[in-house]
Amino acid sequence: MIGKSMIGKSTIGKLLTTVLALALCAGSALSQTGNPAAPAGSSTAPKTSPISPPASLSTTVGGGTRVGTINIEQAIFASNEGRRDFDALSKKLEPKQNELKSQNEELEGLQKRLQTQGPSLNDDARNTLVKQIESKKKIFDRAVQDAQEDASNQQNDIAQKVLQKMAPLIVKYAQDNGFGLIVDTSKPWPQSPVLWYGEAVDITKPVVDAYNTQSGVAPPPSGTATPKPTSAKPAVTTPKPATTPKSNESPK
């Protein structure tokens, strides 16, 4: 069924680029004035907005020399806040999932009837059944598409909310630990330029741990698995009209 549709990789990339750029600009400006970085979530924390980073951004990324990696998508889903909000969204979408499941089962029943009874039906009865299946399938496919788009939009909203607050923390962690560059590994090679990296340079877990402490959100109950985004659609085969009855067959 619909499940948790995969957060668009391009969406994560755009969010990360915008939020981290603003966080870096804010961190650089504060360091130049000698003021400590503003805590995430405060009124002065950077927010995503249509603001273009200055051309000198690359010269203010920090003085560290270490290169680190972080799986942004994993960090969002693994955080207590992300797990809580995605689990709540999953429960919110259950009625729609059950509705689509019922529609899918109805379609499968009609298709099974066409396959088993089609050859013995007269032309009018068989054509009526085929048209009924095609009409219901068209409605069902559109409902699935709308549900997937709605779920994806709500998941992206959750991801953006978490990432807006997590980005300044990523920057601060990198600066405090001598990193001069952090690379997102949400996409596997060759979709991303990172061919291989060792666990020693991955900061995903310490960032998630720090974010959980900062957010104050309690971990989910024991035994609750970390939600994993999937993209699933109920499989409905396109109905094939039954063959025309032979002349020696008596229509019913």
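Residues numbered from 1 in each chain as written. Predicted model: local features only at pLDDT ≥ 70, side-chain atom pairs only at ≥ 80, totals over all residues. Heavy atoms only, no water.

> Requested: an account of the overall build of the chain, with residues and values cited.
When you go through the chain residue by residue, the secondary structure sums to five helices and two strands. Going from N to C terminus, the chain has its helices and strands arranged as α-β-α-α-α-β-α. Here the chain holds 252 residues, and the buried ones make up 36% of them. Carbon together with sulfur atoms contributes 54% to the accessible area of the chain, which is approximately 14800 Å² in total. (Helix = DSSP H or I, 4+ residues; strand = E, 2+ residues; numbered from the N terminus. Buried < 20%, exposed > 50% of the residue type's maximum accessible area, 1.4 Å probe, protein only. Areas by Shrake-Rupley, 256 points an atom, 1.4 Å probe, with all protein chains shown as cover.)

> Quick rundown of the nonpolar core? Include the residues and the values.
Residues I76, M166, I170 and V207 are the most contacted members of the largest nonpolar core, which totals 22 residues. In terms of residue count, the dominant contributor to this core is helix α4 (residues 123-176) (nine residues). Every residue in contact with V207, bar those within four places of it in the chain, is listed here: I70, M166, L169, I170 and Y173. Counting residues in hydrophobic clusters, the runner-up holds twelve residues, among them L114, V130, I133 and F140. (Core = buried A, V, L, I, M, F, W, Y, C linked by side-chain atoms within 4.5 Å. Contact = heavy atoms within 4.5 Å.)

> How would you sum up the confidence of the model for the chain? Please name residues and give values.
Mean pLDDT over the chain: 74, with 63% of residues reaching 70 or higher. Every residue in residues 1-7 scores below 50 in pLDDT, and together they form 43 contacts with partners more than four places removed in sequence or on other chains. Predicted confidence for residues 9-61 stays below pLDDT 50, and this span has 59 contacts to residues more than four positions away or in other chains. (pLDDT = per-residue confidence, 0-100.)

> Account for the environment of L107, naming residues and giving values.
In this fold, L107 is placed in helix α3 (residues 80-117). Classification of L107 as buried rests on a relative accessible area of 1%. Separated by 33 residues in the primary sequence, L107 and F140 have C-alpha atoms spaced 8.8 Å apart.

> Report on a nonpolar patch on the surface, specifying residues and quantitative values.
Together, W189, L195 and W196 give the surface a local cluster of nonpolar side chains, amounting to about 470 Å² of exposed area. Among the structural elements, W196 can be located in the loop between β2 (179-184) and α5 (204-215). What makes W196 exposed here is its relative accessible area of 72%. (Patch = residues over 30% accessible without salt bridge, like charges linked within 9 Å, V, L, I, M, F, W, Y side chains within 5 Å. Salt bridge = Lys/Arg side-chain N within 4 Å of Asp/Glu carboxyl O.)

> So what about α5? Which residues, and what values?
Structurally, the α-helix is built with 3.6 residues per turn, so residues lying three or four positions apart point the same way. Its twelve residues give α5 an end-to-end C-alpha distance of 16 Å, which sits within 8% of 16 Å, the value for a rise of 1.5 Å per residue. Three or more residues of α5 are buried, namely T204, V207, V208, Y211 and N212. Seen from one end, α5 has its buried residues packed into an arc of 135°, which puts them on one side. Exposed and oriented more than 90 degrees from the buried face of α5 are K205 and T213. For α5, the secondary structure elements touched by its buried residues are β1 (66-70), α2 (72-78), α3 and α4. Remark: G216 follows α5 within two positions and exhibits a positive phi of approximately 75°. (Expected span 1.5 Å × (residues − 1). Arc of directions from axis to C-beta.)

> So what about the packing of α3 against α4? Which residues, and what values?
Running from N to C, α3 and α4 cross one another at 170°; their axes reach a closest spacing of 10 Å. Judged on the interaxial angle alone, α4 and α3 are roughly antiparallel. Broken down by class, the residue content of the contact of α3 with α4 amounts to 18 nonpolar, seven polar and twelve charged. (Axes fitted to C-alpha atoms, helices over the stretch in contact; angles between N-to-C directions. Parallel < 35°, antiparallel > 145°, perpendicular 65-115°, else oblique. Nonpolar A, V, L, I, M, F, W, Y, C, P; charged D, E, K, R; others polar.)

> Outline the environment of Y173, supporting the account with residue identities and numerical values.
Within the element layout of this structure, Y173 appears in helix α4. Sequence spacing of Y173 and V207 is 34 residues, and the spatial spacing of their C-alpha atoms is 7.3 Å.

> Quick rundown of the packing of α4 against α5? Include the residues and the values.
Packed helices, taken two at a time, are described by their axes: the angle between them and the distance between them. Axis separation between α4 and α5 bottoms out at 10 Å; the angle between their running directions is 120°. Of the possible angle classes, the one that applies to α4 and α5 is oblique. By crossing handedness, the relation of α4 to α5 is classed as right-handed. Residues V162, K165, M166, L169, I170 and Y173 of α4 form the contact with α5, whose participating residues are P206, V207, A210, Y211 and Q214. Tallied by class, residues from the contact of α4 with α5 come to nine nonpolar, one polar and one charged. (Left-handed = near helix turned anticlockwise from the far one by under 90°.)

> Tell me about the packing of aromatic side chains, residues and numbers included.
Considering all chains together, one arrives at one aromatic pair under this definition. Between F77 and F86, the aromatic rings sit 4.4 Å apart at their centres with planes inclined by 10°, giving stacked as the arrangement. What makes F77 buried here is its relative accessible area of 4%. For F86, a relative accessible area of 1% translates into the label buried. (Phe/Tyr/Trp six-rings, centres within 6.5 Å; stacked < 30°, edge-to-face > 60°.)

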